[in-house]
Amino acid sequence: MVKGMHDILPKDQDWWESLFETGWSVAGLHDFNYIETPILETAALFEASVGAATDIVDKEMYVFKTKGGERVALRPENTASVMRSYLEHHLGYFSSPLKVFYCGPFFRYDKPQKGRYREFHQWGFEILGDGDAVYDVSIILAVLDFLWSLKFKDLTLKINAVGCRICRPTYRTKLKEYYRSRKSKLCKDCVKRYDNNVLRLLDCKEPGCLEIKKEAPIILNYLCSSCNNHFRAVLELIEDNDIPYEPDPHLVRGLDYYNKTVFEVFSSKLEGSALAGGGRYDYLSEIIGGRPMPAVGAAMGMERIIEAMQESGLVPTVKRKKKVFFIAIGEEAKKASLKFINELRRAGIRTLESLGRKSLKAQLKSADKHKAGLSVILGQKEIFEESVIIRDMKTGAQETVPVGKLVERVKKGLK
Ligand code: AMP
């Protein structure tokens, strides 16, 4: 397998199904509609929007030339693609604001480690076309409802503002002033960041840089009145809705397109690795060639959520139907069995089989292994008598029932 990639295996199904089920349910309740954009986009889309001087684009993007000479990238995130799609299809005509959600694979050529893969999956929510603080909080609520539905109880919402075109330059200058005399103590990457993208210095996880960050100026002292009012409105709504939060005055996020609100959500069991991150991105539309249009969104890392659930002792929330195991003894019975299996499945009964195994013993073993509540057994004698045997797998009690009563008796037995 290619380094940094991973398989999602059948044994993990309950986890993934829980996340998909929860995601679709929360999206429905919050009125978000499904959008899916291609995995390949032009590299320029992310360079312009996420930012050429961000780690995601500068170091981690999978970029290559197609046979036709086009420079394309495996998408490292989805907000830019959703905005591209919004502009290309004039989605604002259909709904304003437009509320969409997505899920799928994303690619970042990062150092593979626990909780950090080169291919990972995100579930995201975006609201495009409205700049009101109520939508910042709607996104936060969608993310938290998703995680709360999975039974997380230890979440921390960290929130900050990153300013706008008016106030951010002043803050940038202040940061440069602060870091200038400390440049020699910064890591190699941060020395580069100092020149290219000084806000990114606040995102570095190197212990030395973290120490220097502690005393760094905070943006809240430099916000313009519009950003200040917006941030206050967001915090007020958060408090009105009893959402626990922690202001983090140095939170900046690793993508350039954010303005005003930014936030991340953490579980105490996976400290240092955010489960979700998002913010407002009012300039993104213009950056990629559209008219000015406010928007806000967030994405959650699905592998990280599963890891955090496992670390927290949570279990998959998916509720599986009870199952019945169909056993056929002999060639005749095997041939006849699909008809009965179909009848059970069409009646909504989850029906398993291992018809490739010949003996009754081997098939009963399979039924036990799959923890089936009941088995239906069909042999030569039963075919002749137009009956089946229903076996309670716990007690071993068996009863013979006419084929016409199969569905009714299995339903009763599984209750
Ligand atoms: P971002 O797009 O960087 O804002 O990330 C949003 C969320 O995606 C993060 O909070 C993580 O949960 C998840 N995520 C980001 N990068 C990775 C990665 N390399 N491996 C696994 N999950 C990731």
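Note that this is a predicted model, so its numbers are computed, not measured. (Residues numbered from 1 in each chain as written. Predicted model: local features only at pLDDT ≥ 70, side-chain atom pairs only at ≥ 80, totals over all residues. Heavy atoms only, no water.)

1. Observations concerning the overall build of the protein chain
Each helix and strand counted, the protein chain has 15 helices and 16 strands in total. A compact globule built from 415 residues would reach a C-alpha radius of gyration of about 22 Å, whereas the protein chain, at 27 Å, exceeds it by more than 25%. Its C-alpha atoms put the protein chain at 90 × 45 × 45 Å along the principal axes. The burial tally for the protein chain puts 51% of its 415 residues in the buried class. Accessible surface computed for the protein chain: about 20,700 Å², of which carbon and sulfur atoms make up 52%. Both charge centroids of the protein chain, one from 65 positive and one from 55 negative side chains, sit 4 Å from each other. (Helix = DSSP H or I, 4+ residues; strand = E, 2+ residues; numbered from the N terminus. Rg over C-alpha atoms; globule rule 2.2 N^0.38 Å. Buried < 20%, exposed > 50% of the residue type's maximum accessible area, 1.4 Å probe, protein only. Areas by Shrake-Rupley, 256 points an atom, 1.4 Å probe, with all protein chains shown as cover. Lys, Arg positive; Asp, Glu negative; His and termini not counted. Charge placed at Lys NZ, Arg CZ, Asp CG, Glu CD.)

2. Details of the pattern of salt bridges
Taken as a whole and assessed by the stated rule, the structure comprises 22 salt bridges. Here arginine 200 ties to aspartate 203 by a salt bridge, and the two come within 3.9 Å at their closest N and O atoms. What you see here is one network of salt bridges that share partners, running through Asp55, Lys59, Asp189 and Arg193. (Salt bridge = Lys/Arg side-chain N within 4 Å of Asp/Glu carboxyl O.)

3. Focus on the sheet that holds strand β7 (residues 155-161)
Strands sit in the order β1-β5-β6-β11-β10-β9-β7-β8 across an open sheet of eight strands; the sheet is mixed. Of all the strands in the sheet, the pair left with one neighbour each is β1 (33-34) and β8 (246-247). The pairing of β7 with β8 spans two bridges and is classified as parallel. Following the sheet pairing, isoleucine 159 is matched in β8 by proline 247. Lying over the sheet, helix α4 (residues 79-88) contacts β5 (98-107), β6 (119-128) and β11 (295-301), oriented at roughly 45° with respect to β6. (Pairing = 2+ DSSP bridges. Contact = heavy atoms within 4.5 Å. Axes fitted to C-alpha atoms, helices over the stretch in contact; angles between N-to-C directions.)

4. Focus on the environment of leucine 223
By the secondary structure assignment, leucine 223 is in the loop between α8 (207-213) and α9 (225-240). When residues no more than four places from it in sequence are discounted, the contact partners of leucine 223 are Ala161, Gly163, Cys167 and Asn228.

5. What about the environment of leucine 270?
Looking at the element boundaries, leucine 270 is found in the loop between β9 (259-267) and β10 (276-280). C-alpha of leucine 270 to C-alpha of leucine 40: the two residues are 230 residues apart in sequence and 31 Å apart in space. Ignoring sequence-local partners within four residues, the contact set of leucine 270 consists of Leu275, Arg304, Glu307, Ala308 and Glu311.

6. Looking at the state of the cysteines
Simply put, the disulfide is a covalent bond whose two ends are the sulfur atoms of two cysteines. Going through the model one piece at a time under the given rule, you end up with zero disulfides. For cysteine 164, which is in no disulfide, the shortest distance to another cysteine sulfur is to cysteine 227 and amounts to 3.6 Å. Unpaired in this structure, cysteine 224 has its nearest cysteine sulfur neighbour in cysteine 164, at a distance of 3.7 Å. You can call cysteine 224 buried: its relative accessible area is 15%. (Disulfide = S-S within 2.5 Å.)

7. Let's talk about the nonpolar core
Counting residues in each nonpolar core, the largest one holds 100 residues, and the members touching the most others are Phe125, Leu128, Leu147, Phe152, Tyr179 and Ile305. Top element by residues in this core is helix α5 (residues 133-149). It accounts for nine residues. Leave out the neighbours within four places in its chain, and leucine 128 touches Val82, Met83, Tyr86, Pro97, Leu98, Val100, Tyr281, Met293, Pro294 and Ala295. Counting residues in each nonpolar core, the second largest holds 19 residues, with Ile349, Leu378, Val388 and Val401 among its members. (Core = buried A, V, L, I, M, F, W, Y, C linked by side-chain atoms within 4.5 Å.)

8. Points about helix α7 (residues 188-196)
Those residues of α7 that fall on the buried side of the exposure criterion are Cys190, Arg193 and Tyr194. Summarising the axial view, the buried residues of α7 lie within an arc of 110°, below the 170-degree limit, and thus occupy one face. On its buried face, α7 sits against α3 (55-58), α6 (168-180) and α8. (Arc of directions from axis to C-beta.)

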